[in-house]
Each structure stands twice: as structure tokens, then as C-alpha cells.
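If you want the building blocks of each chain, they are given just below.
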Amino acid sequence: MKKATAPQPPALEGPPAARLAALREELAAAAARGGHPPPTIVAVAKTIPAEAIRPFLAAGHRVFGENRVQEAEAKWPALKAEWPDVELHLVGRLQSNKAAAAVALFDAIHALDRSSLVAALATAVRKAGRQPRLFAQVNIGDEPQKGGVAIAGLPDLLAEARAAGLQVEGLMCVPPADREPAPYLALLAELARRHGLPLLSMGMTGDRDIAAALGATHVRIGTALFGPR
Ligand SMILES: *Cc1c(COP(=O)(O)O)cnc(C)c1O
């Protein structure tokens, strides 16, 4: 099935508070259609400067995402000083040599996808005495250029994480860009169920309503909130 057949969610307009309210309402309705509670909105602020993030903080939003550790380190310490209850999520690929920095700054990491990173994170968590909430990223469309553990490798990765003392609470995916997303999102939900993982990080601007209807607990929304990058 091609993506052209998938209904696109409406564009959001107006100031940050209005966008957030419209998005919350839209996602709650979509989630309710699938019999699920409304998902947490992770506002993905990659490439967005602090001045453009501030209005969303002022409007009361507290859960944000970044895809690069270095960019987050440059932007967020100052914003966190002003809004200490911010919850920061890493949604992009994590290099093992940045594991300690990521554990120090982020409250959740959505990109656990390989053995070497399990080892690096376990060391960083032990040293820091704090563990961010962890999602294992699954390469749900089996795309060679994408991050994420292969579906067949997921059981071993989860076992390795457990053995290393890491508590993985959910799964995350980015479905193939040129395909109808629903089957991939449904498969991720099924994998989470099978492994007893309560959290599901799925749904971006284009597939947010479908993801919410399929039980996403965390949707990662950039463009719909901040505009095109
Ligand atoms: C950029 C990004 C998002 C947000 O994408 P939009 O389509 O702008 O909403 C979500 N997840 C990941 C992993 C991203 O890199």
C-alpha cells in the first residue's frame, strides 16, 4: 500500500498554546477511537533555537525531544535552569562515546538498538546512579539505512539489557517513509505486547493519529508544532 492512500492529519495553526491544545485534543480523540488513553506529546525541537522553544515552555509544555546530544547540551541546560521540571527525550541515534553525556542530560532515551550501546549505557548508568527511561528502537521496516535492532534481534537485545541491569520499558520505531504506516505501527505494538513492555514511542507529524489509535504512549512531534525545519 502506498502512503497516498493514508489520510494526512490536519495542519496546526496559531500560537503555541493553541497548537498544543489542538494537538492534545486531536490525539486524545484518535487514541479514544482505538480504546487507548491519550499519548504523551514529545515536542521534538531538533534544529529549533531556544527562542522558538521558549513560547512552548511558557504555554506549559514540559516534554521535549532532541536527536543529537551535542545540540541538546548547547540548548537545554539554560532552559532547564528556567524550567526545572522539563523532561528531555533523546530520539536520535546515540553513539556509545556519548552515553555518559546522554545519561546525564536526558530523562528518556528512545534509541537503544545494539549490544555495544547496552554496554556503554550500563556503565554510564552505574557511574551516574541514574537511569533514564529506556526504549529499544526497532528497525520495523528492515531498512538498511535506518537505526534500530532487527526484529529478529530484539529478544536477544532485551535479554542483554536485562542482564546488564538496564530496565527497558518500551519500544520505538520510525516506519518506512514511503509506505502506509499502520501495519508497521501495529507490528511494533504487537512486539511490545509480546515482550511485556508498557511503553510505545511511535507517531510523528504525518502518522500521529494512526499511531495514537494503535496505542502509542509517546508521540514524537516536530513539524506540526514548530513548523517546517
Ligand atoms: C525529527 C524526528 C521526529 C519529529 O518528526 P516530525 O515529522 O517533524 O514531527 C520524530 N522522531 C524522530 C526520531 C525524529 O528524528
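Structure report, in brief. Predicted model, so just to flag it, every value in this text is computed and none were measured.

Thresholds, definitions, all that
Residues numbered from 1 in each chain as written. Predicted model: local features only at pLDDT ≥ 70, side-chain atom pairs only at ≥ 80, totals over all residues. Heavy atoms only, no water. Buried < 20%, exposed > 50% of the residue type's maximum accessible area, 1.4 Å probe, protein only. Helix = DSSP H or I, 4+ residues; strand = E, 2+ residues; numbered from the N terminus. Pairing = 2+ DSSP bridges. Right-handed = clockwise from strand over helix to strand, strands pointing away. Near = heavy atom within 4 Å. Polar contact = N/O pair within 3.5 Å; in protein donor to acceptor, adjacent residues only side chain to side chain. Areas by Shrake-Rupley, 256 points an atom, 1.4 Å probe, with all protein chains shown as cover. Nonpolar A, V, L, I, M, F, W, Y, C, P; charged D, E, K, R; others polar. Contact = heavy atoms within 4.5 Å. Axes fitted to C-alpha atoms, helices over the stretch in contact; angles between N-to-C directions. Parallel < 35°, antiparallel > 145°, perpendicular 65-115°, else oblique. Left-handed = near helix turned anticlockwise from the far one by under 90°. Expected span 1.5 Å × (residues − 1). Phe/Tyr/Trp six-rings, centres within 6.5 Å; stacked < 30°, edge-to-face > 60°. Salt bridge = Lys/Arg side-chain N within 4 Å of Asp/Glu carboxyl O.

## A short note on the pairing of strand β2 (residues 63-66)
Regular strands have side chains that alternate between both faces of the sheet.
Part 1 of the argument: Side-chain alternation along β2 places V63 and G65 on one buried face and F64 and E66 on a second face that is also buried.
Part 2 of the argument: With two bridges joining them, strand β1 (residues 40-44) and β2 adopt parallel strand pairing. Residue pairing for β2: V44 is matched across the bridge by G65.
Part 3 of the argument: As for the winding sense of the linkage, the β-α-β connection from β1 through helix α2 (residues 50-58) to β2 is right-handed.

## Side note on the site of the ligand
Part 1 of the argument: Close contacts around the ligand come from V44, K46, V91, M172, M204, T205, R220, I221, G222, T223 and R229, and that covers them all.
Part 2 of the argument: One of the side-chain nitrogen or oxygen atoms of K46 is found 2.6 Å away from an oxygen atom of the ligand.
Part 3 of the argument: Protein contact buries 88% of the 380 Å² of open area that the ligand shows by itself.
Part 4 of the argument: When grouped by side-chain class, the residues that make up the shell around the ligand number five nonpolar, three polar and three charged.

## So, the environment of P10
Part 1 of the argument: Here P10 lies in the segment before α1 (16-33).
Part 2 of the argument: When its relative accessible area of 49% is taken as the criterion, P10 is described as partly exposed.
Part 3 of the argument: On a C-alpha basis, the gap between P10 and T205 in space is 9.6 Å, while along the polypeptide they are 195 residues apart.
Part 4 of the argument: Residues within four places of P10 in sequence aside, it is in contact with E26, R208 and D209.

## Focus on the packing of α2 against helix α3 (residues 69-82)
Part 1 of the argument: Where α2 meets α3, the axes come as close as 11 Å, and the angle between the chain directions of the two elements is 30°. Relative to α3, the element α2 is oriented roughly parallel. Regarding α2 and α3, the two cross each other, and that crossing is right-handed. Across the interface between the two elements, A50, I53, R54 and L57 of α2 pack against K75, W76, L79 and E82 of α3.
Part 2 of the argument: Counted by class, the contact of α2 with α3 contains five nonpolar, no polar and three charged residues.

## Observations concerning helix α5 (residues 115-128)
Part 1 of the argument: Along its 14 residues, α5 runs 20 Å from first to last C-alpha, staying within 8% of the 20 Å computed at 1.5 Å per residue.
Part 2 of the argument: Backbone geometry just after α5 places G129 at a positive phi near 70°.

## Section: the packing of aromatic side chains
Part 1 of the argument: Within this structure, the stated rule accounts for two aromatic pairs.
Part 2 of the argument: Relative to W76, the ring of F64 lies with its centre 5.1 Å away and its plane at 45°, an arrangement referred to as tilted. Of this pair, F64 sits in strand β2 while W76 is found in helix α3, placing the two residues twelve residues apart along the sequence.

## A short note on unusual backbone geometry
In terms of backbone geometry, most residues other than glycine have negative phi values and most peptide bonds are trans.
Part 1 of the argument: At T47, a residue that is not glycine, the phi angle is positive and equals roughly 70°.
Part 2 of the argument: Mapped onto the elements of the fold, T47 is located in the loop between β1 and α2.
Part 3 of the argument: Its identity as a non-glycine residue notwithstanding, D142 has a phi of 50°, on the positive side.
Part 4 of the argument: Mapped onto the secondary structure, D142 falls in the loop between β5 (133-137) and α6 (154-163).
Part 5 of the argument: Note on D142: relative accessible area 62%, which makes it exposed.

## Remarks on the pattern of salt bridges
Part 1 of the argument: In the structure shown here, the tally under the stated rule is 13 salt bridges.
Part 2 of the argument: We note a salt bridge from E71 to K75, for which the minimum N-O separation is 2.8 Å. Of this pair, E71 and K75 both sit in helix α3, four residues apart, roughly one helical turn.
Part 3 of the argument: The buried category is assigned to K75, whose relative accessible area is 11%.
Part 4 of the argument: One salt bridge in this structure joins R114 and D113, with 2.8 Å as the shortest N-O distance. Of the two residues examined, R114 and D113, each falls in the buried class.
Part 5 of the argument: One network of salt bridges, with partners in common, ties together E66, E71 and K75.

## Re the pairing of β1
Part 1 of the argument: When you tally the buried positions in β1, you get four out of five residues, the bulk of the element.
Part 2 of the argument: Across four bridges, β1 lies against strand β8 (residues 218-221) in parallel orientation. If you follow I41 over to β8, its bridge partner there is V219.

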